Amino acid sequence: MEIRLENITKIFVQKDKSEVVAVKSLDITIPTGKLVGLLGPSGCGKSTTLYMIAGLLKPNGGRIFFGEEDVTDTAPEDRGIGLVFQNYALYPHMTVRQNIMFPLENIKVPKPEALVRAQEMANLVGIGELMDRKPKELSGGQQQRVAIARALVKKPRVLLLDEPLSNLDARLRLQTREEIKRIQRETGITTIFVTHDQEEAMSISDEIVLMDFGEKRQVGIPQYVYDYPENLFSAKFLGTPPINIFEGEIKTKKVILDGKAIGITKGTNQKIVIGIRPEGFVLDEKGTFELVVDMVETISRDTSLIIIDPTRENETFRAIVDSKHRIKPGDVLKVSIKTDKLFVFNFETGELIK
Ligand code: ADP
Ligand code: MG
């Protein structure tokens, strides 16, 4: 089922009567059966958006649709959502089985049926053997699976996950996120996955919605947003190592950095922000651009990360190159820049200049 947010706004009034616009005129469509990553820095309004979809918070303006149904004024328990939080929120005195069955008791599903459904969900999330344990006898990853099973047992129309992996250590985080992807595929349930971690969002999502200061900044499949950032925020938020940023200018359709032309653009003469992805540098004897290598790190068998200490002040930038070049600190490299890894942004607005 498709979820549609139309012009959703949420304003919080603080104790001192000042207002925080947590979400601002947000339009989002979550396609049926997809896993959409709601991504952005801490405080940008992700949880607020999720809780409005869940019905736990009421928007100050705008409408929320589940399919054709306007659910803006529908109570949370009547929306058919399953919600999973960062901190699992399991009942500590109950067993895994009781935790998973709990939502079914609330809606008076007969016990024999509830037992069967709880076991099915536990099997689906891979904890079918652990039904008699208490939460404290489980690892963080297992606890989070119980929370997911509990969210799914009512067969919700929508699964909402708020930073579900943040409390897990690195290895479990990776494993559990693959598990979530698998569960989502198997159930085909429309899912919104909130995270501030771009790598996590990029790896798990069919589509990402990138937010900043309560506003939508870009939407698309992860690779597309990485390849075609529409603004400086989007360019900077995605990518490890991050995009390299410089001040420059456009002169007669040329992109000028440090007085040298490094590319071409359709933009008119103006001051600009230049973004170059780390993989955008090509070693090239005829290259106009010179870099002094400060450090070299091995990323994988075939690639090295070069950290370059430019002659410019306060700018460290990073290039990724084939390790066969055997680059070492102190080397002076001549490079050219791949046109599809070079981005030019309006200096004031940060919007991409095409
Ligand atoms: P995120 O989940 O992206 O980290 P939130 O949606 O939790 O961000 O918060 C968005 C903004 O709204 C933040 O500035 C936060 O401080 C503010 N906010 C969230 N909840 C409340 C609340 N109940 N009262 C006042 N301000 C809030
Ligand atoms: Mg949050």
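Above this text sits the structure in question.
The sections below set out a description of the structure shown in this document. (Residues numbered from 1 in each chain as written. Chains lettered and ligands numbered in written order. Predicted model: local features only at pLDDT ≥ 70, side-chain atom pairs only at ≥ 80, totals over all residues. Heavy atoms only, no water.)

1. A look at the site of ligand 1
Taken together, Phe12, Gln14, Val20, Ala22, Pro41, Ser42, Gly43, Cys44, Gly45, Lys46, Ser47 and Thr48 form the complete shell of residues around ligand 1. One nitrogen or oxygen atom from the side chain of Gln14 is found 3.4 Å from a nitrogen atom belonging to ligand 1. A distance of 2.6 Å is found between an oxygen atom of ligand 1 and a backbone nitrogen or oxygen belonging to Gly43. Elements represented by at least two residues in the shell around ligand 1 include exactly β2 (19–30) and α1 (46–54). Here the shell around ligand 1 takes three residues from α1, the largest share from any one element. (Near = heavy atom within 4 Å. Polar contact = N/O pair within 3.5 Å; in protein donor to acceptor, adjacent residues only side chain to side chain. Helix = DSSP H or I, 4+ residues; strand = E, 2+ residues; numbered from the N terminus.)

2. Some points on the environment of Gly188
With respect to the secondary-structure elements, Gly188 resides in the loop between α5 (170–187) and β8 (190–195). Remark: the alpha-carbon pair of Gly188 and Val71, spanning 117 residues in sequence, is separated by 21 Å.

3. Observations concerning the sheet that holds strand β12 (residues 254–257)
With antiparallel pairing, the five strands of this open sheet are ordered in space as β13-β12-β11-β14-β20. Two strands in the sheet have a free side with no partner beyond their single neighbour: β13 (260–264) and β20 (342–346). Between one strand axis and the next, the sheet turns by 40° as a mean value, whatever way the strands run. Where strand β11 (residues 244–251) and strand β14 (residues 270–276) come together, seven bridges link them in antiparallel fashion. Paired with Asn244 across the two strands is Ile276, which belongs to β14. (Pairing = 2+ DSSP bridges. Axes fitted to C-alpha atoms, helices over the stretch in contact; angles between N-to-C directions.)

4. Observations regarding unusual backbone geometry
A negative phi angle characterises most non-glycine residues, just as the trans form characterises most peptide bonds. Backbone torsion omega between Thr240 and Pro241 reads -10°, so that peptide bond is classified as cis. Along the chain, the position of Pro241 falls in the loop between α8 (232–237) and β11. One non-glycine residue, Phe213, lies in positive phi territory at about 45°.

5. Points about the environment of Ile262
Within the secondary structure, Ile262 is located in strand β13. Each C-alpha atom, one on Ile262 and one on Phe246, is 12 Å from the other, the two residues being 16 residues apart in sequence. Apart from the residues within four sequence positions on either side, Ile262 is in contact with Val255, Leu257, Ile274, Ile276, Phe289, Ile337 and Leu342. (Contact = heavy atoms within 4.5 Å.)

6. Section: the packing of helix α2 (residues 96–106) against helix α4 (residues 140–152)
Closest axis-to-axis distance for the α2/α4 pair is 7 Å, and the angle between their directions is 30°. The pairing of α2 with α4 is recorded here as roughly parallel in orientation. Relative to α4, the crossing made by α2 is right-handed. Between α2, through Val96, Asn99, Ile100 and Pro103, and α4, the contact on the second element is made entirely by Val146, Ala149 and Arg150. (Parallel < 35°, antiparallel > 145°, perpendicular 65-115°, else oblique. Left-handed = near helix turned anticlockwise from the far one by under 90°.)

7. Observations regarding the pattern of salt bridges
What the rule picks out here adds up to 19 salt bridges. With its nearest N and O atoms 3.0 Å apart, the salt bridge here joins Arg117 to Glu113. Of this pair, Arg117 and Glu113 both sit in helix α3 (residues 111–124), four residues apart, roughly one helical turn. Judged by relative accessible area, Glu113 falls into the partly exposed class, the value being 38%. Note that Glu351 is salt-bridged to Arg217, the shortest N-O span being 3.9 Å. Highlighted residues: Glu351 in the segment after β20 and Arg217 in strand β10 (residues 215–220), separated in sequence by 134 residues. Since its relative accessible area comes to 38%, Glu351 is described here as partly exposed. Salt bridges linked by common partners bring Lys58, Arg63, Asp70 and Asp73 together as one network. (Salt bridge = Lys/Arg side-chain N within 4 Å of Asp/Glu carboxyl O. Buried < 20%, exposed > 50% of the residue type's maximum accessible area, 1.4 Å probe, protein only.)

8. Points about the pairing of strand β19 (residues 332–337)
A one-sided burial pattern is seen for β19, the buried positions being Leu333, Val335 and Ile337 and the unburied ones Val332, Lys334 and Ser336. Summarising the sheet, strand β15 (residues 281–283) and β19 pair through three bridges and their orientation is antiparallel. Across the sheet, residue Leu283 finds its bridge partner in β19, namely Val335. In the sheet, strand β16 (residues 289–298) pairs with β19 via four bridges, with the strands oriented antiparallel. Across the sheet, Leu291 pairs through a bridge with Leu333, a residue of β19.

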